[in-house]
Amino acid sequence: MKKLVIVILVCIGFTLNAQIQAPDTLQLSPKELFGESSNLNNVGILQSYVNFSKDVLSSSNLSIGIIGKQVSTTLNLGYNKSSSNGQWGNTFAVSINPIWKYYGAGYGLSKNTEKRTTTLQSFYSTDFDFQKDITLSFIDVYRTEKFGTFGYSVIASKSFWGSYEGDWEGKYIVDANGDFKDLIYPQIPASSEMTYRGMAMYTYTLKTKRVNISPQIFAMSDIYKTFKDSELNISYLSDFNLDLYYGTSIDWKVTKRFVLNTNIRYNTTFDKASESVGYKKSNPILFMIGTNFQF
């Protein structure tokens, strides 16, 4: 059996069916990453940021996501092919985001049994200029008849950033007469960061003749990081941090072969360590529509 999935406008999401995802979408630009919020803490203004590594993941054909002040559209094409006995599955995916100049390609290999799906998947994304990301994920999903579906994922993701011009720090150039000539901006060196994180997930499906309703919850946490640039090379265990994604997915059974999916999902972040140094993660609100057609 072959399955064709065409993704038209994609922002964010996770999937419990262990299909390929598109992790680690690039930053908009060094200067667009942060936007000031009105919250204050002991270091002054608390700046909000978008964590694309966690929040911009593809799983639905059509979705609208609001992350802070940012809205994105992505064109995705996924192709799934199963073995004749259904025990093995291969998934290929490409992603194009012309607004954020994001391009990616990925592959996933799955082993299926009646009650379990195990997937190893990789994804590479880049803007061909400032950032590129390589992500390797191991996903294990268990299905039960009475208690719903449980799953976990272990993720290793490495991001590479090019050098860029930082914020002005008060330095400037004057001419021989002491008159102002130009501002001096610091040059931030190229860097990379390796992140290891874990994710646990659960969903329970209420089935009817025409509609399946599935409340869902996902919990994700960064565990260990390594950061490198021309001056630093540090590795550390992350302080307690937790991202909760929760919502409801509804499958509308249009025909025996065609299913329309609608999904709404919210996000709450617990990360006191980042807030203590002046940064707060923007939490997305997700509205998604997807299709699944088998032939």
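1. Observations concerning the pairing of strand β8 (residues 116-126)
Next up, step 1: Relative to β8, strand β7 (residues 102-112) is paired through ten bridges, and the arrangement is antiparallel. Within the sheet, the bridge partner assigned to Y103 lies in β8 and is T126.
Next up, step 2: In this antiparallel pair of consecutive strands, β7 and β8, the connection spans three residues.
Next up, step 3: The pairing of β8 with strand β9 (residues 131-144) spans eleven bridges and is antiparallel. Bridge pairing in β9 links L120 to F138.
Next up, step 4: Following β8, the chain reverses through four residues before pairing antiparallel with β9; F128 in that reversal takes a positive phi of roughly 60°.

2. What to know about the packing of aromatic side chains
Next up, step 1: Applying the stated criterion to the full structure yields eight aromatic pairs.
Next up, step 2: Each ring, one from F130 and one from Y164, has its centre 5.6 Å from the other, and the planes form 80°; the classification is edge-to-face. Of this pair, F130 sits in the loop between β8 and β9 while Y164 sits in strand β11 (residues 164-165), placing them 34 residues apart in sequence.
Next up, step 3: On the basis of relative accessible area, F130 is assigned to the buried category, the value being 12%.
Next up, step 4: With a relative accessible area of 28%, Y164 lands in the partly exposed category.

3. Considerations on the confidence of the model for the chain
Next up, step 1: Per-residue confidence for the chain averages 75 on the pLDDT scale, and 71% of its residues sit at or above 70.
Next up, step 2: Mean pLDDT across the secondary structure elements of the chain bottoms out at strand β2 (residues 34-41), with 35, and peaks at strand β18 (residues 233-237), with 94.
Next up, step 3: Note that pLDDT drops below 50 for residues 56-63; the model gives that stretch 52 contacts with residues more than four away or on any other chain.

4. Observations concerning the pattern of salt bridges
Next up, step 1: If you walk through the whole model with that rule in mind, you get three salt bridges.
Next up, step 2: For R116, the salt bridge goes to D140, with nearest N and O atoms at 2.7 Å. One end of the pair, R116, is in strand β8; the other, D140, is in strand β9, and 24 residues separate them in sequence.
Next up, step 3: According to the relative accessible area criterion, R116 is partly exposed, its value standing at 35%.

5. Here we look at a nonpolar patch on the surface
Next up, step 1: Residues L120, L136, F138, Y142, F147, F150, Y152 and V154 make up a contiguous nonpolar surface patch of roughly 740 Å² in combined accessible area.
Next up, step 2: Secondary-structure elements contributing two or more residues to the nonpolar patch are β9 and β10 (148-161).
Next up, step 3: Tracing the backbone through its elements, the reader meets L136 in strand β9.
Next up, step 4: Given the relative accessible area of 46%, L136 is considered partly exposed.

6. Points about the environment of G104
Next up, step 1: Within the secondary structure, G104 sits in strand β7.
Next up, step 2: G104 sits in the buried class, given a relative accessible area of 11%.
Next up, step 3: Measuring from C-alpha to C-alpha, the distance between G104 and V94 comes to 5.6 Å, with ten residues separating the pair along the chain.
Next up, step 4: The contacts of G104, once residues within four sequence positions are left out, are A93, V94, S95, F123, Y124 and S125.

7. Focus: unusual backbone geometry
Next up, step 1: Non-glycine residue F128 carries a positive phi angle of around 60°.
Next up, step 2: Tracing the sequence through the fold places F128 in the loop between β8 and β9.

8. Examining the environment of K228
Next up, step 1: Looking at the element boundaries, K228 is found in strand β17 (residues 211-229).
Next up, step 2: Given the relative accessible area of 39%, K228 is considered partly exposed.
Next up, step 3: Residues K228 and A190 lie 38 residues apart in sequence; the distance between their C-alpha atoms is 8.7 Å.
Next up, step 4: Residue contacts for K228: discarding those within four places in its chain leaves A190, S191, S192 and N233.

9. Observations regarding the side chain of N212
Next up, step 1: Its location among the elements puts N212 in strand β17.
Next up, step 2: Here the side chain of N212 touches K253 through a polar contact of 3.2 Å, side chain to side chain.
Next up, step 3: Among residues more than four places away in sequence, those in contact with N212 are T205, L206, K207, S249, I250, D251 and K253.

The rules we used
- Residues numbered from 1 in each chain as written.
- Predicted model: local features only at pLDDT ≥ 70, side-chain atom pairs only at ≥ 80, totals over all residues.
- Heavy atoms only, no water.
- Pairing = 2+ DSSP bridges.
- Helix = DSSP H or I, 4+ residues; strand = E, 2+ residues; numbered from the N terminus.
- Phe/Tyr/Trp six-rings, centres within 6.5 Å; stacked < 30°, edge-to-face > 60°.
- Buried < 20%, exposed > 50% of the residue type's maximum accessible area, 1.4 Å probe, protein only.
- pLDDT = per-residue confidence, 0-100.
- Contact = heavy atoms within 4.5 Å.
- Salt bridge = Lys/Arg side-chain N within 4 Å of Asp/Glu carboxyl O.
- Patch = residues over 30% accessible without salt bridge, like charges linked within 9 Å, V, L, I, M, F, W, Y side chains within 5 Å.
- Areas by Shrake-Rupley, 256 points an atom, 1.4 Å probe, with all protein chains shown as cover.
- Polar contact = N/O pair within 3.5 Å; in protein donor to acceptor, adjacent residues only side chain to side chain.

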